[in-house]
Each structure stands twice: as structure tokens, then as C-alpha cells.
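# Observations on the three-dimensional arrangement
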Amino acid sequence: MKRFVIERHIPGVERLDALQLKEAASTSNAALARLAGRAQWVQSYVVDNKTYCIYLADNEASVQEHARLSGFPADRVTEVRGVIDPMTAMA
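A quick note: this is a predicted structure, and the numbers were derived from the prediction, not measured.

### So, a nonpolar patch on the surface
Together, Leu 16, Leu 21 and Val 46 make up a nonpolar patch on the protein surface, roughly 210 Å² of accessible area in all. Looking at the element boundaries, Leu 16 is found in the loop between β1 (2-9) and α1 (18-34). Given the relative accessible area of 31%, Leu 16 is considered partly exposed.

### Considerations on unusual backbone geometry
Notably, Ala 36 is not glycine yet its phi reads approximately 50°, a positive angle. Phi angles above zero are rare outside glycine, and Asn 49 is one such case at about 60°. Looking at where Asn 49 falls in the secondary structure, it is placed in the loop between β2 (39-47) and β3 (50-57). Accessibility expressed as a relative area gives 30% for Asn 49, which makes it partly exposed.

### Some points on the packing of α1 against helix α2 (residues 60-70)
Look at α1 against α2: their axes get within 9 Å of each other, and the N-to-C directions meet at 125°. With respect to α2, the axis of α1 lies oblique. Where α1 crosses over α2, the two elements pack in a sense that is right-handed. Here Thr 27, Ser 28, Ala 31, Leu 32 and Arg 34 of α1 come into contact with α2, specifically with His 66, Leu 69 and Ser 70.

### Observations concerning the sheet that holds β3
Across the sheet, 4 strands lie side by side as β2-β3-β1-β4; this open sheet has antiparallel pairing. Because the sheet does not close on itself, it has two edges, and the strands there are β2 and β4 (76-79). On average, each strand axis in the sheet is inclined to that of its neighbour by 20°, with strand direction left out of account. Here β2 pairs with β3 via 8 bridges, running antiparallel. Considered in β3, the bridge of Val 47 is made with Lys 50. Helix-sheet contacts for α2 involve β1, β3 and β4, and the interaxial angle to β1 is about 35°.

### Structural notes on the nonpolar core
One finds Phe 4, Ile 6, Leu 32, Leu 35, Ala 39, Cys 53, Tyr 55, Ala 57, Val 63, Ala 67, Ala 74 and Val 77 forming the largest nonpolar core, which totals 12 residues. Every element with two or more residues in this core is listed here: β1, β3 and α2. Broken down by element, this core gets its largest block of residues, 3 residues, from β3. If sequence neighbours within four positions are ignored, Val 77 has contacts with Phe 4, Val 5, Ile 6, Glu 60, Val 63 and Gln 64.

### Some details on the pattern of salt bridges
Counted by the stated rule, this structure contains 4 salt bridges. Put simply, Glu 14 and Arg 15 hold a salt bridge, and the shortest N to O gap is 3.1 Å. Using a relative accessible area of 30% as the deciding quantity, one classes Glu 14 as partly exposed. The closest approach of N and O atoms between Glu 79 and Arg 81, which form a salt bridge, is 3.4 Å. Since its relative accessible area comes to 27%, Glu 79 is described here as partly exposed.

Rules of the game
- Residues numbered from 1 in each chain as written.
- Predicted model: local features only at pLDDT ≥ 70, side-chain atom pairs only at ≥ 80, totals over all residues.
- Heavy atoms only, no water.
- Patch = residues over 30% accessible without salt bridge, like charges linked within 9 Å, V, L, I, M, F, W, Y side chains within 5 Å.
- Areas by Shrake-Rupley, 256 points an atom, 1.4 Å probe, with all protein chains shown as cover.
- Salt bridge = Lys/Arg side-chain N within 4 Å of Asp/Glu carboxyl O.
- Helix = DSSP H or I, 4+ residues; strand = E, 2+ residues; numbered from the N terminus.
- Buried < 20%, exposed > 50% of the residue type's maximum accessible area, 1.4 Å probe, protein only.
- Axes fitted to C-alpha atoms, helices over the stretch in contact; angles between N-to-C directions.
- Parallel < 35°, antiparallel > 145°, perpendicular 65-115°, else oblique.
- Left-handed = near helix turned anticlockwise from the far one by under 90°.
- Contact = heavy atoms within 4.5 Å.
- Pairing = 2+ DSSP bridges.
- Core = buried A, V, L, I, M, F, W, Y, C linked by side-chain atoms within 4.5 Å.

Geometry only, nothing functional implied.
See below:
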């Protein structure tokens, strides 16, 4: 599985309450179930008018299919080429 960052432009997303976020997560999970393991949602970051989502997927097409099934846009899909963190300095 490859790792992807998905940028979703969703005006007002930062104002959603806990129930609305729960419903959005349920919608996403239902779409993922239909993909039969071809994509996995890791987590999302909510910022002003956008979310940045981390997914594992077999390819970008599966990410785009999730967007279609869920109704959540995938405005920009970028494959992660590497990961660095503070521990990288210790390697």
C-alpha cells in the first residue's frame, strides 16, 4: 500500500461540531467498506476550509473512487515519497 495526502476543499469544515464530524467519518467509513480493502483512512487534519487526509491505498485511483463514493472532494492527491521526523536526525 502507498501513502497519500489528500487535500479536500470543504468551506466551513472548521466549524463542524462533534456530531457532524462523526457523521462525516461514518460516511467515509461506508465508502471505504465498499472499496474492499483497496484504501484505508489513517487520519485527517481539519484546517480553515480544508482537510488534509492521510490514506493508505493501492493507487491514486482508489483514493479518487473513495472521493466519488463518499461525496468528499479530493482536490489534490499526492503520493508520499518519504517520511522524516525528529528521530531521522539520529539515524
